[in-house]
Amino acid sequence: MQENPPRILVIEDDKPILNFLKSSLLNKGYKVVAVESGEEGLSQAAQNVPDIVITDLGLPDMDGLEVVSRLREWTDLPIIVLSAREKEKDKVEALDKGADDYLTKPFGLNELLARLRVSLRHATRMKGNSQEKTEYEVGDLKIDLAARRIFKGDEEIHLTAIEYKLLSTMVRHMGKVLTQRYLLNEVWGPECVEHPQYLRVYMASLRRKLEDDTSRPKYIITEQGIGYRFADEVDEE
Ligand code: CA
């Protein structure tokens, strides 16, 4: 791997999962600090700031949501939360508190590594230049936020004002899962955060304009019960 491998702080009280994470990440060349409680995690993070934090939400000494909030008081470093499938509400709350992504247990190594790469890339992008990136390319889409123009192959795509706002919000956070609440607040404003039907309607119209097959979207991915993710990589067919 690189000379300076990213350092990952893993907070997880479930021993088998902790060991699995530790050995797989070390094996991939990352540096890993593994701890089993929220307090230890917070103090490790403060002493020796990692490049990314992976935290379980069900910790013995404090709620993982609190770990997220307390980290967000002083740092923007990427946070990925781990949670059981039935705890959908917790995941949404963690994302709304500032977590970057989530993994549902049980998860596969490839999924974890993909999420790590996205979060690290995103963090480097934010850190590397205070000037925000304006041109994005993914699959056959080209999105130029400065010029407000979108192309699919050679064809320019025309969007309504709301569609554009929704798309640009997702594209600025490409690869990252965004909650329904976050999107509603950004695009429609705080008085509309309880109206997920707006999202369904506008996502459907965006998909009709951007996707090859709206029944198998590859750009606008639904995260069931959580929100949406704009893919930052698509499989070439
Ligand atoms: Ca746990």
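For the structure, check the block above.
Residues numbered from 1 in each chain as written. Predicted model: local features only at pLDDT ≥ 70, side-chain atom pairs only at ≥ 80, totals over all residues. Heavy atoms only, no water.

Colleague: Mind showing me how you'd approach the pairing of strand S1 (residues 7–11) here?
Modeller: Regular strands show a simple pattern: their side chains alternate between the two faces of the sheet. A large share of S1 lies buried, amounting to five of its five residues. Residues of S1 alternate between two faces, with Arg7, Leu9 and Ile11 on one and Ile8 and Val10 on the opposite face, all of them buried. As judged from the five bridges shared by S1 and strand S2 (residues 31–35), these two strands associate in the parallel manner. From the neighbouring strand, isoleucine 8 faces S2, where its bridge partner is valine 32. On the question of chirality, the crossover connecting S1 to the parallel S2 by way of helix H1 (residues 15–27) is right-handed. The pairing of S1 with strand S3 (residues 52–56) spans four bridges and is parallel. Residue pairing across strands places isoleucine 8 opposite isoleucine 52, the latter belonging to S3. (Buried < 20%, exposed > 50% of the residue type's maximum accessible area, 1.4 Å probe, protein only. Helix = DSSP H or I, 4+ residues; strand = E, 2+ residues; numbered from the N terminus. Pairing = 2+ DSSP bridges. Right-handed = clockwise from strand over helix to strand, strands pointing away.)

Colleague: So what exactly am I meant to see when it comes to the coordination of the calcium ion here?
Modeller: By definition of the ideal shapes, a tetrahedral metal site with four donors has angles of 109.5 degrees and an octahedral site with six donors has angles of 90 or 180 degrees. The calcium ion binds to the protein through Asp13 (OD), Asp56 (OD) and Gly58 (O), with metal-donor distances spanning 2.1 to 2.3 Å. Donor residues binding the calcium ion come from one chain and are separated in sequence as D-x42-D-x1-G. Taken together, the residues aspartate 13 in the loop between S1 and H1 and glycine 58 in the loop between S3 and helix H3 (64–72) connect sequence positions 45 residues apart. On the basis of relative accessibility, which here comes to 30%, the residue aspartate 13 falls in the partly exposed class. Judged by relative accessible area, which is 46%, glycine 58 ranks as partly exposed. (Donors = N, O, S within 2.8 Å, 3.2 Å for Na, K, Ca; no water.)

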